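Secondary and tertiary structure notes
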Amino acid sequence: GLRVGTAVAGGGHHEEQDYPDPFFHDHAYRGVLAKHFNSLTPENQLKWEFVHPERHKYNFAAADAIVNFARKNGQTVRGHTLLWHSQNPEWLTEGDFSRKELRAILREHIFTVVGRYRGKIHQWDVANEIIDDNGNLRTEENIWLRELGPEIIADAFRWAHQADPKAKLFLNDYGAEGINARSDAYLRLAKELRAKGVPVHGFAVQAHLSMDYPFPSDMAANLKRFQDAGFETAVTELDVRMTLPEGGEPTPEQLKTQADYHRWALEACLSVKGCKSFTVWGTTNRYSWVPVFFPNEGHATIFWDDFRPKPAYHALRDTL
Ligand code: XIL
């Protein structure tokens with residue numbers, strides 16, 4: 001019953017991207033998506049700046065194509081994301097809107113986007129990265145929290161639920177894999193929301209891991225406490241990056257450690273009943289966000305650039 005997914009590259013790394021949109025142009029890549037995965041997450045194509053580039057204009061072309069591809073291949077789709085501080089269009093962040101207008105803009109966006117894929121997207125990351133390292137709401141950075149206050153979180157979940165009553169609605173974040181201030185705050189928030197009758201169904205850990213840090217060995221225990229509190233869990237963006245030696249190629253030891261991290265993450269998910277979705281964030285280094293965002297780091301994905309499987313791929317296969 002586990003859904004094993006990947007992020008669908010495209011719409012991507014802005015100026016740094018020096019290749020045409022892989023989903024539309026790389027035939028071999030599409031083959032890999034269809035062959036190895038039964039869940040897909042648009043990596044960027046449902047984010048505000050791509051799907052809602054102007055106030056009165058939506059651009060669904062890429063997301064539609066991914067959803068249709070998934071249906072053709074018997075795959076499910078995860079929706080990412082509705083309320084986030086990042087990758088918002090300028091018309092929104094630079095606009096001069098009243099509170100009332102902003103609230104109406106978010107409501108319309110959620111009804112339009114979630115409604116369009118009603119019955120076709122089985123999990124939505126409704127709120128993304130809304131809590132910081134210390135367990136506080138990211139009120140300064142997040143336009144919605146800053147302008148509308150924390151109650152907007154409940155509204156976003158309620159609107160998404162009305163737009164697609166069957167979709168499972170998630171809180172999603174990084175750095176919350178283990179038991180720490182951030183995941184503690186999520187557990188509190190999830191319970192608080194539910195106590196108010198807000199349709200929050202799950203908590204997801206992104207799992208952008210770095211081999212410069214030990215694996216969060218309490219990941220299973222963390223997922224378990226959400227499970228015990230009645231929430232689904234998911235691993236939504238797993239990649240395991242490393243500081244590359246001179247020459248840029250990982251050593252055999254690094255590849256082995258990377259395989260271990262992947263296995264442990266999958267084992268953590270498999271150890272709790274409610275973890276039914278496990279997604280890696282990309283396929284090859286060439287299309288990965290890691291080399292663009294983390295200087296000197298890379299090779300965080302499970303395939304080589306020619307799509308041969310790396311040890312991390314085999315570790316996942318052997319664990320399933
Ligand atoms: C990243 C994408 O992979 C990049 O292509 C994009 O330029 C920036 O965003 N947490 C998230 C994801 O929730 O949406 C981010 O994806 C990675 C970190």
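Look above for the structure.
I will try to describe carefully the structure that is included in this document. (Residues numbered from 1 in each chain as written. Predicted model: local features only at pLDDT ≥ 70, side-chain atom pairs only at ≥ 80, totals over all residues.)

**A closer look at the packing of helix α11 (residues 252-270) against helix α13 (residues 311-319)**
Quick reminder of the rule: All axes are obtained by fitting lines to C-alpha atoms, using only the stretch in contact for helices, and the reported angles, taken between N-to-C directions, cover 0 to 180 degrees. Each helix is a run of DSSP H or I of at least 4 residues and each strand a run of E of at least 2, with the numbering of both proceeding from the N terminus. Should an angle fall under 35 degrees it is taken as roughly parallel, and over 145 as roughly antiparallel, whereas 65 to 115 is taken as roughly perpendicular and any remaining angle as oblique. Handedness of a crossing follows from how the near helix is turned relative to the far one, being left-handed for an anticlockwise turn of less than a right angle and right-handed for a clockwise one. What counts as a contact is two residues whose backbone-derived C-beta atoms lie within 7 Å of each other.
It is at 8 Å that the axes of α11 and α13 come closest, and there the two elements cross at 30°. Taken together, the axes of α11 and α13 are roughly parallel relative to one another. In terms of crossing hand, the pair formed by α11 and α13 is right-handed. On α13, the residues that touch L255, K256, Q258, A259, H262, R263, L266 and E267 of α11 are P311, A312, H314, A315, L316 and T319.

**A short note on helix α9 (residues 181-195)**
Note the following rule: In a helix, the anticipated span is given by 1.5 Å times the number of residues less one.
Under the 1.5 Å per step criterion, the end-to-end length of α9 is 21 Å for 15 residues, consistent within 8% with the ideal 21 Å. Looking at the buried residues of α9, the elements they touch are β5 (168-173), β6 (202-205) and α10 (219-228). Phi turns positive, to about 80°, at G197, one or two residues after α9.

**Overview of helix α4 (residues 61-72)**
So the rule is basically this: Whether a residue is buried, exposed or partly exposed follows from its count of other C-beta atoms within 10 Å of its own C-beta, namely 20 or more, 12 or fewer, or something in between, respectively; the C-beta atoms are built from the backbone. Note that the arc is computed from the directions linking the helix axis to the C-beta atoms.
With 12 residues, α4 should reach 16 Å at 1.5 Å per residue; the first-to-last C-alpha distance of 16 Å fits that figure. Regarding α4, the residues found buried are A62, A63, I66, V67 and A70. All buried residues of α4 project into a common sector of 130° when viewed along the axis, lining one side. Facing away from the buried side of α4, by more than 90 degrees, are the exposed residues A61, N68, R71 and K72. Following α4 by one or two positions, G74 has its phi on the positive side, about 65°.

**Things to note about the packing of helix α6 (residues 99-116) against helix α8 (residues 151-163)**
To characterise two packed helices, one gives the angle between the axes of the helices and the distance between these axes. We apply this condition: Only Asp, Glu, Lys and Arg are considered charged in this grouping, and only Ala, Val, Leu, Ile, Met, Phe, Trp, Tyr, Cys and Pro are considered nonpolar; every other residue, Gly among them, is considered polar.
It is at 8 Å that the axes of α6 and α8 come closest, and there the two elements cross at 35°. For the pair α6 and α8, the sense of crossing is right-handed. Residues L106, R107, I110, F111, V114 and G115 of α6 pack against A156, W159, A160 and A163 of α8. Of the residues assigned to the contact of α6 with α8, the class counts are 8 nonpolar, 1 polar and 1 charged.

**Re the pairing of strand β4 (residues 123-128)**
For the record, the criterion: In this analysis, strands are considered paired if DSSP registers two or more bridges between them.
Of all 6 residues in β4, 6 are buried; the element is thus mostly enclosed. Across 4 bridges, the pairing between strand β3 (residues 76-83) and β4 is parallel. What sits directly across from G79, in β4, is W124. As judged from the 5 bridges shared by β4 and β5, these two strands associate in the parallel manner. Paired with W124 across the strands is L169, a residue of β5.

**A closer look at the nonpolar core**
Here is the rule we go by: We define the nonpolar core as any set of buried residues of the types Ala, Val, Leu, Ile, Met, Phe, Trp, Tyr and Cys, connected via C-beta atoms lying within 7 Å of each other.
With 86 residues, the main nonpolar core has V126, A156 and A160 as its most contacted residues. Per-element tally for this core: the top contributor is α8, with 7 residues. Other than its neighbours up to four places away in sequence, A156 contacts L82, L83, L106, I110, V126 and A127.

**Section: the pairing of β6**
Looking along a regular strand, one sees the side chains alternate between the two faces of the sheet. On β6, burial covers both faces: G202 and A204 on one face and F203 and V205 on the other are all buried. Both β5 and β6 contribute to a ladder of 4 bridges, which runs parallel. Paired with D173 across the bridge in β6 is V205.

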